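# Structural characterization, general
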Amino acid sequence: MDVRRRPIKHQSHHRTMKSHTAGEFLKPHSQPKASDALPLPLYLTNGLFFTMFFSVMYFLLHRWREKIRNSVPLHVVTLSELAALVSLVASVIYLLGFFGIDFVQSVIRPSPDSWEIEDDNSDQLMIDDDKPVKPCGQALVPHIMPTTDVAESVVEKKKPPPAIEHTSDEDEEIVKMVVAGSVPSYSLESKLGDSKRAAAVRREALQRITGKSLSGLPLEGFDYDSILGQCCEMPVGYIQIPVGIAGPLLLNGAEFSVPMATTEGCLVASTNRGCKAIYVSGGATCMLLRDGMTRAPVVRFGSAKRAAELKLFLEDPLNFDTLAIMFNKSSRFGRLQSIRCAIAGKNLYIRFCCSTGDAMGMNMVSKGVQNVLDFLQTDFPDMDVMGISGNYCSDKKPAAVNWIEGRGKSVVCEAVIKEDVVQKVLKTSVAALVELNMLKNLTGSAMAGALGGFNAHASNIVSAVYLATGQDPAQNVESSHCITMMEAVNGGKDLHVSVTMPSIEVGTVGGGTQLASQAACLNLLGVKGASKDEPGSNARVLATIVAGSVLAGELSLMSAIAAGQLVKSHMKYNRSTRDMSKLASS
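The rules we used
Residues numbered from 1 in each chain as written. Predicted model: local features only at pLDDT ≥ 70, side-chain atom pairs only at ≥ 80, totals over all residues. Heavy atoms only, no water. Helix = DSSP H or I, 4+ residues; strand = E, 2+ residues; numbered from the N terminus. Buried < 20%, exposed > 50% of the residue type's maximum accessible area, 1.4 Å probe, protein only. Contact = heavy atoms within 4.5 Å. Areas by Shrake-Rupley, 256 points an atom, 1.4 Å probe, with all protein chains shown as cover. Expected span 1.5 Å × (residues − 1). Patch = residues over 30% accessible without salt bridge, like charges linked within 9 Å, V, L, I, M, F, W, Y side chains within 5 Å. Salt bridge = Lys/Arg side-chain N within 4 Å of Asp/Glu carboxyl O. pLDDT = per-residue confidence, 0-100. Phe/Tyr/Trp six-rings, centres within 6.5 Å; stacked < 30°, edge-to-face > 60°. Axes fitted to C-alpha atoms, helices over the stretch in contact; angles between N-to-C directions. Parallel < 35°, antiparallel > 145°, perpendicular 65-115°, else oblique. Left-handed = near helix turned anticlockwise from the far one by under 90°. Nonpolar A, V, L, I, M, F, W, Y, C, P; charged D, E, K, R; others polar. Disulfide = S-S within 2.5 Å. Core = buried A, V, L, I, M, F, W, Y, C linked by side-chain atoms within 4.5 Å.

Attention now moves to the overall build of the chain. When you go through the chain residue by residue, the secondary structure sums to 22 helices and 13 strands. The buried share of the chain, taken over its 586 residues, is 40%. Nonlocal contacts in the chain, meaning residues at least 24 apart in sequence, comprise 71% of its contacts between residues at least 6 apart. If you sum the accessible surface of the chain, you get close to 31,700 Å²; carbon and sulfur atoms cover 59% of it.

As structure tokens, this is what we get:
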């Protein structure tokens, strides 16, 4: 490659450009330096702002880490945090103003030597009186001195360039790269810096890859930043689920309008009828029996003897306080309640149970468990941790341990329904309901070998309330464990009905509860966010609302079956009334 220096004939332009630095294009010659604004030497001023920047950054990161550990929303700031944010912004503005502009311009503005270099084998621009200027192709940073006309236009134009607007052509190029596999779909948010744009690009790329249309899946009208890194990865849209309101549910002397997200006809109407029957009968009473989330790791030893020794150590009351101290370091809300072990040969399953405040608490208890395991490694160095969860917890699976010992909130809810209400509102009789409950919910479920399924349709109501309030819908599995009891009281005239639910797993902070629509439903119930007066009370109230709603749903469905109304009502409310033959012919 022939690279040589050539004399530049336009020396006057050369000198003109050298006399104007890049910084002088953006500010007047008389603009004072940063040090002129303060009565301090330059090195002290710079040191002050550097110290301020790193100090407040450390403080904020430390505070944010504590908030994440304690499930406190990041947008809730104290006075000290607000002051730190103001100091951070001030220091950033100073440092950028003092160092940032000159650095950027030093990158953009080339050195004089590069203006005089000509490469005969390249497509770079060259200053030559005898040859026209060649384009530089797709180079992002110019490597040469601009020509006279260009230089004069740069001198005249001192305003900063306008913000870059993303065009459809730019998105088209990114879509092609995603389809080709050169850009991973999961990295679009970080590369583009725009969650909604990333979802739109990913959606279009998915349609081209699969050849299937997503035209019915809405994209607009959703805050994709709110789910970034916490609720859903690689979004391409969102699902619309209608939300209905059942109630008022009169529970423990308070009235609740219960939001239910469902696509099943009759469900909200049926639950609403049960709420009415409870309301006119004086309301329902709900009691919290237990409140503790569980996590059960599995560890392995070289022998069953060593596994048994650890079991005895963990279940010894004398060691509990030490283990609780290690566990409780993970959170100011997580408090160890009990440790229960099960051994299988040389494998040991350790079921930790702890309170979790207003959070559902899976992450909280997992961090506490990890602290205890790290502590035990000192006295039991031969312990091999096989998994932080060994399914003895048990999460998102029907399990007898949850049915017997409980997980999350264990609740019992009851009501006495008057005889005239059973007849006029529920359209049946007390005797018919008692007999049907015995044959269906108790005997029928036993014949089927049910595990926690001694009810009519508890999971229907649990799922609908969970979806509306931002709970983990998969935890409907164990949360729907329920036994429904019905008995004639007051001389056989009135109906005593109850539901016992040992493992309702709910929270009012974290996860999907912070999304706008789910937070609105929690706000409707009066249990949004963490309770300031009594930590954990919002989540406990939500658990009682779930149980009270299940009670209403059980009462109404059982009455519909006893009165022979089930098929008729579903044919009326749960089937489309549109003439599909006409739609097909058109």
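A word on helix 10 (residues 267–280). In this model helix 10 runs 20 Å from its N-terminal to its C-terminal C-alpha over 14 residues, within 8% of the 20 Å that 1.5 Å per residue would give. Along helix 10, the positions that sit buried rather than exposed are Leu267, Val268, Ser270, Thr271, Arg273, Gly274, Cys275, Ala277 and Ile278.

Next up on the list: a nonpolar patch on the surface. Taken together, the side chains of Leu61, Trp64, Ile68 and Leu74 make up a nonpolar region of the molecular surface, amounting to roughly 390 Å² of accessible area. Locating isoleucine 68 in the fold gives a position in helix 3 (residues 42–69).

Moving on, we come to the confidence of the model for the chain. For the chain, mean pLDDT is 83; residues scoring 70 or higher make up 77% of the total. Confidence drops under pLDDT 50 across residues 1–38; counting only partners more than four residues distant or on other chains, this segment forms 55 contacts.

Next up on the list: the packing of aromatic side chains. Counting across every chain of the model gives 7 aromatic pairs. Aromatic pair phenylalanine 313 and phenylalanine 380: ring centres 5.7 Å apart, planes at 65°, arrangement edge-to-face. Here phenylalanine 313, found in helix 11 (residues 304–315), pairs with phenylalanine 380, found in the loop between helix 13 (362–379) and strand 9 (384–387); they are 67 residues apart in sequence, far enough to count as distant. The partly exposed category is assigned to phenylalanine 313, whose relative accessible area is 22%. Residue classification places phenylalanine 380 among the buried positions, given a relative accessible area of 7%. Taken together, the ring pairs in this structure connect Phe222, Tyr224 and Tyr238 into an aromatic cluster.

Relative to each other, helix 12 (residues 317–328) and helix 13 sit at 125°, their axes nearing to 7 Å. Put simply, helix 12 runs oblique to helix 13. Crossing of helix 12 against helix 13: the hand is right-handed. Along the contact surface, helix 12 presents Thr322, Leu323, Met326 and Phe327, while helix 13 presents Val365, Gly368, Val369, Asn371, Val372, Phe375 and Leu376. Looking at side-chain class alone, the contact of helix 12 with helix 13 contains 8 nonpolar, 3 polar and no charged residues.

With that settled, the discussion passes to unusual backbone geometry. The amide bond that connects glycine 247 to the next residue, proline 248, takes the cis arrangement and shows omega of 10°. Backbone geometry places asparagine 252, a non-glycine residue, at a positive phi of 55°. The backbone of asparagine 490 sits at a positive phi, close to 55°, despite the residue not being glycine.

Bringing the state of the cysteines into the picture now. Tallied over the entire structure, the rule returns 0 disulfides. This cysteine, cysteine 354, is not joined by any disulfide, and cysteine 353 carries the nearest cysteine sulfur, 6.8 Å off.

Under the counting rule described, the total for this entry stands at 18 salt bridges. Between glutamate 172 and arginine 208 there is a salt bridge, with the nearest N and O atoms lying 2.8 Å from each other. Within this pair, whereas glutamate 172 is found in helix 7 (residues 168–180), its partner arginine 208 is found in helix 9 (residues 195–210), the two being separated by 36 residues in sequence. According to the relative accessible area criterion, glutamate 172 is partly exposed, its value standing at 25%. Between arginine 407 and glutamate 505 there is a salt bridge, with its nearest N and O atoms 2.9 Å apart. Taken together, the residues span a long stretch of sequence, with arginine 407 in the loop between helix 14 (400–405) and strand 10 (408–417) and glutamate 505 in the loop between strand 13 (494–504) and helix 19 (516–525) at a distance of 98 residues. Each member of the pair, arginine 407 as well as glutamate 505, carries the same accessibility label: buried.

With respect to the helices and strands, alanine 563 occurs in the loop between helix 20 (537–562) and helix 21 (566–573). Along the primary structure alanine 563 and serine 429 are separated by 134 residues, whereas in three dimensions their C-alpha atoms are 8.6 Å apart. If near-sequence neighbours (up to four positions away) are discounted, alanine 563 is found in contact with Lys427 and Thr428.

Counting residues in each nonpolar core, the largest one holds 51 residues, and the members touching the most others are Met260, Ile417 and Ile504. Examining the composition of this core, we find that 10 residues originate from one element, helix 20, more than from any other. In this structure isoleucine 504 touches Arg407, Gly408, Lys409, Val411, Tyr466, Ser479, Ala543, Val546 and Ala547, once residues within four positions along its chain are discounted. Core analysis: the second largest hydrophobic core is formed by 26 residues, Met293, Leu348, Val365 and Met383 among them.

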